[in-house]
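Below, each chain spelled out in residue letters.
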Amino acid sequence: MRLAGRTSDLDSPLLFTFAQEARRLAERGVDLVSMEQGQLNFPTPPNVLAAVRRFLDDGQVLYTNVDGITELKDAIRAKFAEENGLHYAADEVFVGSGTSQILFNAFAVSLEPGDEVIVPTPAWTVFELGIVANGGTLVPLPTEQRQGFKMTPEQLDRTITGRTRWLVLNSPSNPTGAVYSAVELRALAAVLRRHPQVSVISDDLYEHQVYDGVRFVNLLNVAPDLRDRVLVVNGVAKTYGMTGWRIGYCAAPAAFLEAMKWYQAPATARPSHVGQIAAIEALTGPRDFLSDRRAQLQRRRDILVDGLNGIAGWSAAPSGGAFYVYAGCHGLIGATTRTGHQLRDDVDVARYLLSEAQVIAVPGTAFRLSPFVRFSFGAAEERIVEGVRRIAAATAGLHRKVA
Ligand code: PMP
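Note that the structure is predicted; figures quoted are calculated from it, not measured.

Moving on to the overall build of the protein chain. Of regular secondary structure, the protein chain possesses 13 helices and 12 strands. Once the C-alpha set of the protein chain is aligned to its principal axes, its extents read approximately 60 × 55 × 55 Å. Buried residues in the protein chain amount to 56% of all 403 residues. When the accessible surface of the protein chain is summed, it comes to about 17300 Å², and 53% of that surface belongs to carbon and sulfur atoms. Placing the 41 positive and 42 negative side-chain charges of the protein chain at their respective mean positions leaves the two points 3 Å apart.

Structure below.
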């Protein structure tokens, strides 16, 4: 079958290469420490499972509205109002088959060929894939470890052109865990006000994974005047540990969502009915367990960060949010393995960890900043401890030039 020309640039992204390799090895029974997944080990909350069981007993699993069941949209509106202080009308919220689909759909309805999308990097690979697949031009805005992987207002101002259509703001960030403060967001908003052609995708998927007493802030909390220019994107995947239920949602001006609806209809028809029932219960049920999960995650983060910093060649700063540590491996580049193989970049380092230590993590090359490795701490605490132990042993097995 002939492929369209626009698929010629599509390559298996490193992010997925490592995830697939992990699955393959796990199926073969290899004792992996899985630190590559954007996924928590917490099970779906029991009240959600109970609600789904009740729903299944009735046996009516059917098509729903294209943009989501009204009851779910009401739950989403209540969530935005209560948790984020953002108020939306019924036609200003929208449900899709995961946040991934919401993002893809938003790019599909908005990008003309050559339209630019600014993505501060390191960034989650899938933003780039959605932009390119829909004819847009990715404009990476490089940030560095010493600036906490956060863009400055000056950098943003310099990067915006007449063709800029979107800025992607992902705080807390996958892969760095960077969290923008209210003060920082206010400064970015001042830049955005000078460039009315730029809209913002605010991907808030990790809003509940923030540490050290920090509070999550959405851009619209400090700049409500930008309301018509911000697409607020969220989902149940990370907050509730419900990645497999495939429900994401967003809020935006009604006319934009109307267009997204008619792109969604031929793509997925409508989101899964079962997934939506689960999401209603997740959003309306108890949320008190979230603070306990947050405390557990902060402990895992500290074990990982302290562990890595205790191994020569690695450097990690505590992530403010999400459940990733973006660790520098500058000290390992140029080192040689026992078999005489030289580690040239972070892809080599990640491959070495996999083959030598059966620890799987994603090289920074996948997120556009090297030499780093992204470690997830979504796995159970004892697996993180075991991962650190194995990374230390594998690193000790390298021959390094003495600086
Ligand atoms: N946005 C970000 C920043 C993510 O990290 C992910 C998942 N890794 C998604 C969106 C996609 O989430 P979903 O499972 O809801 O499609």
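A separate point is the sheet that holds strand β12 (residues 372–376). Reading across the sheet, the three strands line up as β9-β12-β11 and stay open at both edges, with antiparallel pairing between neighbours. Each of the sheet's edge strands pairs with one partner strand only, and the pair in question is β9 (324–328) and β11 (362–363). In the sheet, β11 pairs with β12 via two bridges, with the strands oriented antiparallel. Looking at the pairing, Pro 363 lines up with Val 373 of β12. Where helix α12 (residues 346–357) meets the sheet, its contacts fall on β11 and β12, and the angle it forms with β12 comes to roughly 45 degrees.

To continue, consider the packing of aromatic side chains. On inspection of all chains with the given rule, the structure shows 14 aromatic pairs. Relative to Phe 372, the ring of Phe 149 lies with its centre 5.8 Å away and its plane at 75 degrees, an arrangement referred to as edge-to-face. Pair noted here: Phe 149 is in the loop between β4 (137–142) and α6 (153–159) and Phe 372 is in strand β12, with a separation of 223 residues, a long-range link. It is Lys 150 that lies over the ring of Tyr 180; its NZ or CZ is 5.9 Å from the centre.

Turning our attention to the pairing of β4. A regular strand places its side chains so that they alternate between the two faces of the sheet. With six bridges joining them, strand β3 (residues 116–121) and β4 adopt parallel strand pairing. Residue Val 117 lies in a different strand from β4, and its bridge partner there is Leu 138. At this point the chain moves from β3, through helix α5 (residues 125–133), to the parallel β4, and the crossover so formed is right-handed.

Direction vectors running N to C along helix α1 (residues 14–27) and α12 enclose 10 degrees, while the axes themselves pass 13 Å from each other. Classed by the angle they form, the pair α1 and α12 counts as roughly parallel. Each of Leu 14, Phe 18, Glu 21 and Leu 25 in α1 lies in contact with α12, whose residues at this interface are Val 347, Ala 350, Arg 351 and Leu 354. Classifying every residue of the contact of α1 with α12 by side-chain character gives six nonpolar, no polar and two charged.

Outside of glycine, negative phi angles account for most residues, and trans bonds account for most peptide bonds. In this chain, Asn 174 is followed by Pro 175 through a cis amide linkage whose omega measures 25 degrees. If you trace the backbone, Pro 175 turns up in the loop between β5 (164–169) and α7 (182–193). Note the cis peptide between Ser 370 and Pro 371, where omega equals -10 degrees. Its location among the elements puts Pro 371 in the loop between β11 and β12.

Let us look at the site of the ligand. Taken together, Gly 98, Thr 99, Ser 100, Trp 124, Asn 170, Asn 174, Asp 203, Leu 205, Tyr 206, Ala 237, Lys 238 and Arg 246 are the residues near the ligand. Thr 99 places a polar side-chain atom, nitrogen or oxygen, 2.7 Å from an oxygen atom of the ligand. At a separation of 2.7 Å, an oxygen atom of the ligand approaches a polar side-chain atom of Asn 174. Out of a free accessible area of 400 Å², the ligand has 92% covered by protein chains.

With that settled, consider the environment of Gly 331. One can find Gly 331 in the loop between β9 and α12. A relative accessible area of 36% places Gly 331 in the partly exposed class. With 69 residues separating them in the primary sequence, Gly 331 and Arg 400 have C-alpha atoms 8.3 Å apart. Each residue touching Gly 331, except ones within four places of it in the same chain, is listed here: Gly 313 and Arg 400.

The next subject is the domain arrangement of the protein chain. Its domain assignment divides the protein chain into domain 1 (5–43 + 289–396) and domain 2 (60–284). Here domain 1 and domain 2 have C-alpha centroids that lie 26 Å from each other. Opposite the 33 residues of domain 1 that make contact, domain 2 presents 31 residues. A buried area of about 2700 Å², summed over both sides, lies between domain 1 and domain 2, and 57% of it is on carbon and sulfur atoms. With a shortest N-O distance of 2.9 Å, Arg 301 and Asp 212 are connected by a salt bridge. Put simply, domain 1 and domain 2 have 16 residue pairs in polar contact (both at pLDDT 80 or more) between them. Of all the secondary structure elements, the ones that give two or more residues to the side of domain 1 that touches domain 2 are α1, α11 (289–309), β9 and β12. Top contributing element to the side of domain 1 that touches domain 2 by residue count: α11, with seven residues.

Parameters at a glance
Here the residue index of a chain counts from 1 through its sequence in written order. Only residues with pLDDT of 70 or above have their local features reported here, since the model is predicted, and side-chain atom pairs are shown and tallied only from 80 upward, although totals for entire chains, interfaces and linings are computed over all residues. Just so you know, side-chain values use all the structure's heavy atoms and leave hydrogens and water out. Numbering goes from the N terminus for both helices and strands, where a helix is a DSSP run of H or I of at least four residues and a strand is a run of E of at least two. A simple rule labels every residue: compare its accessible area, found with a 1.4 Å probe on the protein chains alone, to the largest value its type can have, and call it buried under 20%, exposed over 50%, or partly exposed in between. For the accessible areas, the method is Shrake-Rupley and the probe is 1.4 Å, while residue cover comes only from the protein chains on display. Under this rule, positive means Lys or Arg and negative means Asp or Glu; His and the chain ends count for nothing. By convention, charge coordinates are those of NZ in Lys, CZ in Arg, CG in Asp, or CD in Glu. The pairing criterion for strands is at least two bridges between them, as found by DSSP. We call two residues in contact when some of their heavy atoms are within 4.5 Å. Axis definition: a line fitted to C-alpha atoms, over the contacting stretch in the case of helices. Angles run 0 to 180 degrees between N-to-C directions. Working definition: a ring pair exists when centres of Phe, Tyr or Trp rings (six-membered ring for Trp) sit within 6.5 Å. Plane angles under 30 degrees give stacked, over 60 give edge-to-face, the rest tilted. Criterion for a charge above a ring: Arg CZ or Lys NZ at most 6 Å from the ring centre, at most 35 degrees from the ring normal. By the criterion used throughout, a crossover qualifies as right-handed when its path from the first strand across the helix to the second strand runs clockwise, the strands pointing away from the viewer. Every angle not falling under 35 degrees, over 145, or within 65 to 115 is termed oblique; those three ranges are roughly parallel, roughly antiparallel and roughly perpendicular. Amino acids outside the nonpolar list (Ala, Val, Leu, Ile, Met, Phe, Trp, Tyr, Cys, Pro) and the charged list (Asp, Glu, Lys, Arg) are all regarded as polar, and Gly is one of them. Whether a residue is near a molecule or strand depends on its heavy atoms: it is near if one of them lies within 4 Å of it. Polar contact criterion, stated in full: a pair of N or O atoms within 3.5 Å, where within protein one must be able to donate a hydrogen and the other to accept it, and residues adjacent in sequence count only if both atoms are side-chain atoms. Domain ranges listed in this record stem from an automatic or a database domain assignment. Summed over both partners, the accessible area (1.4 Å probe) lost when two parts come together is defined as the buried area. Basic side-chain nitrogens of Lys or Arg form a salt bridge, by our definition, when they fall within 4 Å of a carboxyl oxygen of Asp or Glu.

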